[in-house]
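Here is what each chain is made of, one letter per residue.
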Amino acid sequence: MRSVTYSMSISLDGYIVGPDGSFQWTVPDEEVFRFWIDEIRGVGVHLLGRRLYETMLYWETADQDRSLDASELEWAGLWNPLPKVVFSRTLPAVQGNARLASGGLTEEIERLRAEPAEGDIAIGGATLAAEAAASDLIDEYRAMVYPVLLGGGIPFFPQHERRVDLELVETRTFGSKVVYLRHRVAR
């Protein structure tokens, strides 16, 4: 069965976006960016909330930007053909290799897990991840922890007052002092 993963950059105090809405502190160096490129190769479909979808729209035409380096072009080449499912109550349409979700998150994940496809079902965005976590749909939490304290903003971890036991399955420290933590939900 395909795993459902939630992977985002996170501050040491647990936020994916700061109180001012900024996430500039997450701009990866070359080593971290290479890691993200390798990780996206294992994704079969990406589920996104509206805000993350709109942020990632940049990559739909980024390959036309002459200032991109080889790694950024490689990322665009992997991201653009990747199937995406967007969950939104306000968007009338989406672009690129994306479609609007036709049902709820649980139904969509059940349908995707039943398909004979390869690769993880990746979730992007805290709101969508919180809904998936509340329904116990997330199999792995993958956090790229940046050495910064933001003091507030949008939290990485869902706040549903329920305990979830995790098993550490991978860790890596990058030269930039960013730490990758991969935890599997203990079931």
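In what follows, the accompanying structure is described. (Residues numbered from 1 in each chain as written. Predicted model: local features only at pLDDT ≥ 70, side-chain atom pairs only at ≥ 80, totals over all residues. Heavy atoms only, no water.)

### Structural notes on the pairing of strand S9 (residues 166–173)
Bridging between S9 and strand S10 (residues 179–185) involves seven bridges; their strand directions are antiparallel. Directly across from Arg172, in S10, lies its bridge partner Tyr180. (Pairing = 2+ DSSP bridges. Helix = DSSP H or I, 4+ residues; strand = E, 2+ residues; numbered from the N terminus.)

### Section: helix H6 (residues 126–134)
For H6, the set of buried residues is Ala126, Leu128, Ala129, Ala130, Ala132 and Ala133. A positive backbone phi angle near 55° is found at Asp136, which sits one or two residues after H6. (Buried < 20%, exposed > 50% of the residue type's maximum accessible area, 1.4 Å probe, protein only.)

### Quick look at the pattern of salt bridges
Going through the model one piece at a time under the given rule, you end up with 18 salt bridges. Glu74 is paired through a salt bridge with Arg41; the nearest N and O atoms lie 2.2 Å apart. Linking Glu74 in helix H4 (residues 70–79) with Arg41 in the loop between helix H1 (30–40) and strand S3 (43–49), this pair joins segments that are 33 residues apart in sequence. On the accessibility criterion, Glu74 (25% relative accessible area) is partly exposed. Under the relative-accessibility criterion, Arg41 is labelled partly exposed at 47%. With its nearest N and O atoms 2.4 Å apart, the salt bridge here joins Glu115 to Arg111. (Salt bridge = Lys/Arg side-chain N within 4 Å of Asp/Glu carboxyl O.)

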